[in-house]
Amino acid sequence: MSIERRFDISLIARMALREKQIQQSYRPVIGVHKWFARRPGTLFRGLILAEFGKGRLDEAFFRTNDLAGIRIADPFMGGGTPLLEANRVGCDVEGFDINPMAAWIVREEIERLDIAAYRSAAMGLVAALRNELDSYYRTSCPLYGDTEVPVKSFLWVKLLDCEACGRSFDLFPGYLLAANRRHPRNVLVCPRCGDLNEVEDRQTLGECTGCGTSLRAEGPARRSRADCPHCGVSNRYPGKSGRAPEHRLFAIEYHNPRQKAGHRGRFFKKPDAEDLARMDRATKRWNRLTSIFVPDQEIPHGDETGRLRRWGYARYRDMFNQRQLLGLELSCRFIRETQDERIRRALATNLSDLLRYQNMLCRYDTTALKSLDIFSVHGFPVGLVQCESNLLGVVHPAGSNIGSGGWTNIIQKYTNAKRYCEAPFEVQRRGSRNDRVSIAGEWIGEERNGHRRAVVIRCASSTESEIDRHSLDAVFTDPPYFGNVQYGELMDFCYVWLRRLVGKKAEGFHRASTRSAVEVAGNVTEGRGLEHFTEGLGAVYSRMADALKPGAPLAFTYHHNKLETYCAVGVAILDAGLVCSASLPCPAEMGGSIHIHGTVSSIVDTVFVCRRVGSAPARWLFDDAEGLLDVAGADLARLESAGRKPTYGDTRCIVFGHLTRMAVWKLRTDWDSGRATGNKIAAFSKAVHDFGNPDQLAKRAMTSKAATQPPGLLHSSASAASETQIAVSF
């Protein structure tokens, strides 16, 4: 059996689409710690079972599988999805990543944990923190007169010193605090006195109930300029102060448990004198403290961190206010006192993950009425209005969390993740209902009840590691996407804290940064371009190809807006001595992702299946544009049957994937891997363009009337095994 014969595009695409909308409900294990652009676990489960499982894929997917003795590697493990899925079905796994945070996170995901002992220690940590910090996260309710109610979020606006008069003013991009979607009315900040006003209609805002000023939705700050309200001079921001920006607390969202049952909507208020005094007390306490764990490292220049530097953030600690620094420092001190090493590492991981909500770059979603963590757009966006979440967390009397971003939220997420490791499940659609299907006998971990699996996690490049020749049964991976998210730059934000807390003995933690000069991804600041990407990817694939057993697959996901990066991928495949035997589409991102929504980007990956020897259906080969349109049309039909109406961006990526596969096929017999990299990329590009203009082909595919077959296995109505097979080999 093989992926080429058994992978079911419609089945896996349908489940992947659902998983990516609420991934933590389908794969709670990802809640151990944030990682970027995780591919659907359902995709890699489907690939593994298509290659090694028994029977129909739609049946094997929802039953217990035991693939003991199968050895699978991932040379770009990142957040670990392929390894987790392989480990879960009993495979021995070996993962590599040059980012020490990746190695730390994957170990935390796989390594066994005494959940009861962890919960006890974690709740003890929260209790100790409440004793020290709770008073700083309280307020009074002006609506009902209740005192000492918990704050959910503090909302801050950046300040700018006018270049002309020297007076500071608010950099509001808009005065709408909350839209009337999850709150009965729109909440607007008065531009003059700062009072919060609730209005029914945003077309007729009226006047401030406090000072009579006309309310307005638009603010003074837009397109990096703002007019000073004191002297009228136009100022450019972020300005030239050379220091991190200052902020003013202008609103609070709180929770009033005594009045919530009879109250419609959320609770908002303008901060009063006592609220400001609480912050002042936290600041004074922080200033009296000698920090042990707060990092003092300078933020290096980079593609992503350059924005921080322009705003005056010179050190990582500059990205937090004093109340946050106080809470995080005390959290680290309590974690350090935890005696059990495994639980101490779990709590340290929790603190690292908590950081993305406990900083002054988090923004407030005025529609969803929640905090957006610092990595919500896979970068370092510097907003003008920032949201400070309650560090401790707000808990309902019934035990559920209210809001997000606090310790109790992170602990519950981590608990759910480790419980899933002990008892994994799948979510199966039955009519209009989603049912959890327990998969008894599968589990994630290195040992249970005396049964051990080999788990090797390395913070190292796979090209520098010892892997026996012909020892791997498969390689499944999600490689870097050339100019993708700069994971090293982003993960340093967490790493500098985690390294300070756990020390330098963890593998890779001797490094001051997670960044590496040998990262495969492109990076403008570091001067790493397309040729570097091509050579790095080729070196890894060559190493993996040498370690694979004859005929074993190297399968990886890929999509990108630029065709030239597919040429780099094709060159890497050829340099590794492999042939691409399949190029399969699968949704891999959320359609509503902030960094994708409204762009021409695709949510669909191509899964490239590569082997030295093997077979594939003959109808997948094509020599001209019409053949491409037929194959691509079948893919588009199966995606649509799965619930994804393909966009132009999706179609483009599917077409690019098939063109890459066929260019590899055409060039395989006469390929000279010793040529200069630039020449190889140019040769591959020519082979792709021999089929026609790729963008024009994608547009034709969108409107093509090419005959497509009804959904089934791959591109056939019955079984791909019934088709004429072609040998794929060098």
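I will try to describe carefully the structure that is included in this document.

What about the overall build of the protein chain?
When helices and strands are counted, the protein chain shows 20 helices and 29 strands. At 27 Å, the protein chain has a C-alpha radius of gyration in line with the 27 Å of a compact globule built from 730 residues. Projected onto its principal axes, the C-alpha coordinates of the protein chain cover approximately 80 × 60 × 50 Å. Burial statistics for the protein chain: of 730 residues in total, 59% are counted as buried. Put simply, 72% of the contacts in the protein chain that link residues at least 6 apart link residues at least 24 apart. When the accessible surface of the protein chain is totalled, it reaches about 28100 Å², and 47% of it is carbon and sulfur. For the protein chain, the centre of its 99 positive side-chain charges and the centre of its 84 negative side-chain charges are spaced 3 Å apart.

Re a negative patch on the surface
A contiguous patch of negative charge, built from Asp114, Asp340, Glu341 and Glu422, is present on the exposed surface. Within the secondary structure, Asp114 sits in the loop between helix 7 (100–110) and helix 8 (115–133).

A word on the sheet that holds strand 25 (residues 554–558)
Spatial strand order, 23-2-1-24-25-27-26: 7 strands in an open sheet with mixed pairing. Strand pairing shows two members of the sheet lacking a second neighbour, strand 23 (455–458) and strand 26 (579–587), which therefore form its edges. In this sheet, adjacent strand axes meet at a mean angle of 15° when their direction is disregarded. As paired elements, strand 25 and strand 27 (residues 604–611) share 5 bridges and run antiparallel to each other.

Remarks on the layout of surface pockets
Which parts of space are left empty comes out when a probe the size of a water molecule is rolled across the atoms. Roughly 1700 Å³ of volume is contained in the largest pocket. What lines the largest pocket is a set of 49 residues, and nearest its centre among them are Gln24, Arg356, Tyr357, Lys370 and Met590. Contributing elements (two or more residues each) for the lining of the largest pocket: helix 2 (9–21), helix 3 (23–26), strand 15 (370–372) and helix 13 (407–422). Broken down by element, the residue count for the lining of the largest pocket peaks at 7 residues, all from helix 13. Considered class by class, the residues forming the lining of the largest pocket number 17 nonpolar, 19 polar and 13 charged.

A word on helix 19 (residues 677–689)
For helix 19, which comprises 13 residues, the first-to-last C-alpha distance of 18 Å matches the rise-based estimate of 18 Å (1.5 Å per residue) to within 8%. For helix 19, the set of buried residues is Thr677, Lys680, Ile681, Phe684, Ala687 and Val688. Buried residues along helix 19 cover an arc of 120° about the axis, so they all sit on one side. The elements touched by buried residues of helix 19 are helix 15 (530–547), helix 16 (563–575), helix 18 (648–667) and helix 20 (694–703).

Examining the packing of aromatic side chains
A full pass over the atoms with the stated rule returns 26 aromatic pairs. Between Phe320 and Trp497, the ring centres sit 5.3 Å apart and the planes meet at 65°, which makes this aromatic pair edge-to-face. Here the residue Phe320 occupies a position in the loop between helix 10 (305–310) and helix 11 (322–336), and Trp497 occupies one in helix 14 (residues 487–502), the gap between them amounting to 177 residues. The burial state of Phe320 is the same as that of Trp497; both residues are buried. Taken together through their ring pairs, the aromatic side chains of Trp35, Phe36, Phe320, Phe375, Phe380, Tyr487, Phe493 and Trp497 make up a single cluster. Taking NZ or CZ as reference, Arg436 lies 4.0 Å from the ring centre of Phe425, over its face.

Reading guide: rules and limits
- Residues numbered from 1 in each chain as written.
- Predicted model: local features only at pLDDT ≥ 70, side-chain atom pairs only at ≥ 80, totals over all residues.
- Heavy atoms only, no water.
- Helix = DSSP H or I, 4+ residues; strand = E, 2+ residues; numbered from the N terminus.
- Rg over C-alpha atoms; globule rule 2.2 N^0.38 Å.
- Buried < 20%, exposed > 50% of the residue type's maximum accessible area, 1.4 Å probe, protein only.
- Contact = heavy atoms within 4.5 Å.
- Areas by Shrake-Rupley, 256 points an atom, 1.4 Å probe, with all protein chains shown as cover.
- Lys, Arg positive; Asp, Glu negative; His and termini not counted.
- Charge placed at Lys NZ, Arg CZ, Asp CG, Glu CD.
- Patch = residues over 30% accessible without salt bridge, like charges linked within 9 Å, V, L, I, M, F, W, Y side chains within 5 Å.
- Salt bridge = Lys/Arg side-chain N within 4 Å of Asp/Glu carboxyl O.
- Pairing = 2+ DSSP bridges.
- Axes fitted to C-alpha atoms, helices over the stretch in contact; angles between N-to-C directions.
- 1 Å grid on protein atoms, 1.4 Å probe; cavity = no way out; pocket = protein on both sides within 12 Å on 5 of 7 lines; lining within 4 Å.
- Points joined across faces, edges and corners; volume = space filled by probe spheres on them.
- Nonpolar A, V, L, I, M, F, W, Y, C, P; charged D, E, K, R; others polar.
- Expected span 1.5 Å × (residues − 1).
- Arc of directions from axis to C-beta.
- Phe/Tyr/Trp six-rings, centres within 6.5 Å; stacked < 30°, edge-to-face > 60°.
- Lys NZ or Arg CZ within 6 Å of the ring centre and 35° of its normal.

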